[in-house]
Amino acid sequence: MSITQTVTTAARNAWALSFGEGIEPVEPTPSTVLFDEPHRLLRRYDVDNDCVTSDSAVLLVPPLAAPATCFDLRPDQSLARHLVNTGHAPYLVDYGDITFADRAMGFEDWVNDILPEAILRASADRGGAPVDLIGWSIGGLFSLLTAAANPTLPIRSVTALGVPLDYNHMVGMPQVRAVASLTGGKAVTAAVRAIGGIPAPLTRFAYRVTAFDRELSRPWFVASNIAKTETLAKMESIDRFMAAMPGYPGRFYGQVWGRLILANDLRNGFLQLRDQRIHLDEVRVPVLLVGGTTDVITPKKAVEAGLKTLTGSPSVTYEVAPGSHLGILAGETARDTTWVYLDKFLGDR
């Protein structure tokens, strides 16, 4: 690129970031909404049925406190688009915004209602085909718990990316538990109950804290890459993703705090809910687990713990991919690592 071209590109990018509409337009993978009710919108990605080689439906399961666009950030960072291009029939369940009115929602709503309905609808849309679940973060935990609690659902496999299955390996947990022991954990529970959950701005702030180095170096990163349109477009997609993060319902976060963080149920192979105990060894389908080498939200050891608790599965495959929590799903190396593991796993089915 000549000096003139470099200067022109840099000027155009600087304007786009400062005053324009961004480096590149949002280009989601084409899709059709099949069902739309609160917290259970079901989207089918558009495919040419003549090009579909898989005999299953693939349901993408996002976590809470993250927009469903995690599976479709941009064309080159889209697991949804990759699945379409490799002969699969992908679907997405989208929970939408979480507000104060949703404060009574808990794990039960997803495990016993929202996900089973999405699975059955996706299966029916493919003529009764089995369903492969792919969940990221807590979405992976939703997927595993749903498979365990609903053995009659047409689930063929579960892929869980960056799923927290042992909170002893989560950063800062010993310190958090030590502080919580002073009040029996009630202070946090009372505060969350009072405000109805964890509001979206606080969720976004917490995510930025986990990526503090990125936030601190952002001005220098932009300045040093101002003429690199592709690099800035990737940065912009992450910024857009973080800005759209929703919050947590109050009851759900209370369950995370009490059962996952303080009691660490999952390490012992179950999750205790109010009227239900779900055992991870009741997952009876093949499972793929993927941990990230630089994931500070769910360290890889917390993912690997599933090898000890998913004992009812006919096969549990554990892989490691380079990248952060979001990076193992949609980062620069995901196409050559996580997506390759997934292609093989689904192909083996």
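Further up the page is the structure itself.
In this text, all values refer to a predicted model and were calculated from it rather than measured experimentally.

Looking now at the side chain of T146. Secondary-structure assignment places T146 in helix α4 (residues 138–149). Exposure remark for T146: the relative accessible area of 0% places this residue in the buried category. Of the polar contacts made by the side chain of T146, one reaches the backbone oxygen of F142; its length is 2.7 Å.

Before going further, it helps to examine the nonpolar core. Grouped together as the largest cluster of nonpolar side chains are 60 residues, with contacts concentrated most on L59, F107 and F142. Ranked by the residues each element gives to this core, the list is headed by helix α3 (residues 107–125), at eight residues. Sequence-distant contacts of F142, defined by excluding residues within four places in its chain, comprise V61, P62, L64, Y95, F107, W110, V111, L115 and F252. Core analysis: the next-biggest nonpolar cluster, separate from the first, contains 32 residues, W136, A321, F345 and L346 among them.

Under the definition given, this model contains one cavity of 30 Å³ or more. Size it by volume and the largest cavity reaches roughly 30 Å³. Along the walls of the largest cavity sit E24, P25, V26, E27, L73, R74, P75 and R240, which together make up its complete lining. Residues of the lining of the largest cavity, tallied by class, amount to four nonpolar, no polar and four charged.

Conventions and cut-offs
- Residues numbered from 1 in each chain as written.
- Predicted model: local features only at pLDDT ≥ 70, side-chain atom pairs only at ≥ 80, totals over all residues.
- Heavy atoms only, no water.
- Helix = DSSP H or I, 4+ residues; strand = E, 2+ residues; numbered from the N terminus.
- Buried < 20%, exposed > 50% of the residue type's maximum accessible area, 1.4 Å probe, protein only.
- Polar contact = N/O pair within 3.5 Å; in protein donor to acceptor, adjacent residues only side chain to side chain.
- Core = buried A, V, L, I, M, F, W, Y, C linked by side-chain atoms within 4.5 Å.
- Contact = heavy atoms within 4.5 Å.
- 1 Å grid on protein atoms, 1.4 Å probe; cavity = no way out; pocket = protein on both sides within 12 Å on 5 of 7 lines; lining within 4 Å.
- Points joined across faces, edges and corners; volume = space filled by probe spheres on them.
- Nonpolar A, V, L, I, M, F, W, Y, C, P; charged D, E, K, R; others polar.

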